[in-house]
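Structural overview for review
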Amino acid sequence: MQVIEVADPAAAADLAADLIDEYSPRVLGVATGATPSPLYRVLVDRHRLAADTTVCLLDEYIGLPVGHGQRYRQIIARQLATPLGLTVVAPDVDALDLSAACGSYETALADLGGVDLQILGIGRNGHIGFNEPGTSFDSVTHVVELTSTTRADNARFFDGAASVPRHAITQGIATIRRAKRIVLIAVGDAKASAVAAMIEGSISPANPASALRDHADVVLVADREALTQRTTHRHTHSGAA
Ligand code: PGA
């Protein structure tokens, strides 16, 4: 795993956009949340993604009405896909048979030839996508029950934690690991312990992001605050500082 330290969230967004430009993904996997939003602003400003880029969601809530502003499909449409005219592919969270919808999403990703570059954030509990601690590294797209930590963290996007959906569909850890390149962005001290565990903790389902350690092409773009609990510095070089 390559670790690139940057000065602040704006520098993280610029550097992640550079990595995307350099790679020119035809299929771009996208995460939502506070962390990647500045990156999407940069990508829209630069307008360098090819018009035939397909954008694939990492995860999506179950139970929000179609068109709800916090549906990840809506967020990605608003922040990235619509301004750039890109196609969005997402799991069908409105399907009656959600398990079949998960299988169909795996097929859709495979039919696209897989994700070329996946953008990820990381949860305070080390989750990637909605793969909470304890999720098997062999997991593919599946329905999850969100942990109280994740629902509390996401309450800021809703009218309180009670309004946060209880379930979601997420790409599994094995699905995420199939992406050819992964760019994980972590900013702020709330992520420092999860980042330290990902970089140097044990590789175990208790620590979902640790599943990325032996992936052939992962770049962690982190600001100083997110790296404060790391004890080793051997992989690091300084980015924009
Ligand atoms: P955040 O979420 O960017 O809103 O902190 C990250 C995540 O949970 O993956």
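Above this note sits the structure.
A brief structural summary. Keep in mind that this is a model prediction, so the values were computed, not measured. (Residues numbered from 1 in each chain as written. Predicted model: local features only at pLDDT ≥ 70, side-chain atom pairs only at ≥ 80, totals over all residues. Heavy atoms only, no water.)

What follows is about the layout of surface pockets. Roughly 610 Å³ of volume is contained in the largest pocket. Taken together, 33 residues line the largest pocket, and the ones lying closest to its centre are Thr32, Gly33, Ala34, Asn154 and Arg156. Put simply, the parts of the chain that give the lining of the largest pocket at least two residues each are α3 (72-84) and α5 (148-154). For the lining of the largest pocket, a count of residues per class yields twelve nonpolar, 15 polar and six charged. (1 Å grid on protein atoms, 1.4 Å probe; cavity = no way out; pocket = protein on both sides within 12 Å on 5 of 7 lines; lining within 4 Å. Points joined across faces, edges and corners; volume = space filled by probe spheres on them. Helix = DSSP H or I, 4+ residues; strand = E, 2+ residues; numbered from the N terminus. Nonpolar A, V, L, I, M, F, W, Y, C, P; charged D, E, K, R; others polar.)

Relative to the helices and strands, Arg181 is located in strand β9 (residues 181-186). Among the polar contacts listed, one links the side chain of Arg181 to the side chain of Asp217, at a separation of 3.0 Å. The contacts of Arg181, once residues within four sequence positions are left out, are Leu19, Glu22, Tyr23, Asp116, Leu117, Gln118, His215, Asp217 and Val219. (Polar contact = N/O pair within 3.5 Å; in protein donor to acceptor, adjacent residues only side chain to side chain. Contact = heavy atoms within 4.5 Å.)

With that settled, the discussion passes to the site of the ligand. In the vicinity of the ligand, the contacting residues are Gly33, Ala34, Thr35, Gly121, Ile122, Gly123, His127, Arg156 and Lys191. Between an oxygen atom of the ligand and a main-chain N or O atom of Ala34, the distance comes to 2.8 Å. Burial of the ligand by the surrounding chains reaches 85%, relative to a free accessible area of 280 Å². Within the shell around the ligand, the residues separate by chemical class into two nonpolar, five polar and two charged. (Near = heavy atom within 4 Å. Areas by Shrake-Rupley, 256 points an atom, 1.4 Å probe, with all protein chains shown as cover.)

This next bit is on the packing of helix α1 (residues 9-23) against helix α2 (residues 37-46). Packing of α1 against α2 leaves a shortest axis separation of 8 Å and a crossing angle of 55°. With respect to α2, the axis of α1 lies oblique. Our pair here, α1 against α2, has a crossing hand that is right-handed. Judged by residue contacts, Ala13, Asp14, Ala16, Ala17, Asp18, Ile20 and Asp21 of α1 engage Pro38, Leu39, Val42, Leu43 and Arg46 from α2. The class makeup of the residues in the contact of α1 with α2 is eight nonpolar, no polar and four charged. (Axes fitted to C-alpha atoms, helices over the stretch in contact; angles between N-to-C directions. Parallel < 35°, antiparallel > 145°, perpendicular 65-115°, else oblique. Left-handed = near helix turned anticlockwise from the far one by under 90°.)

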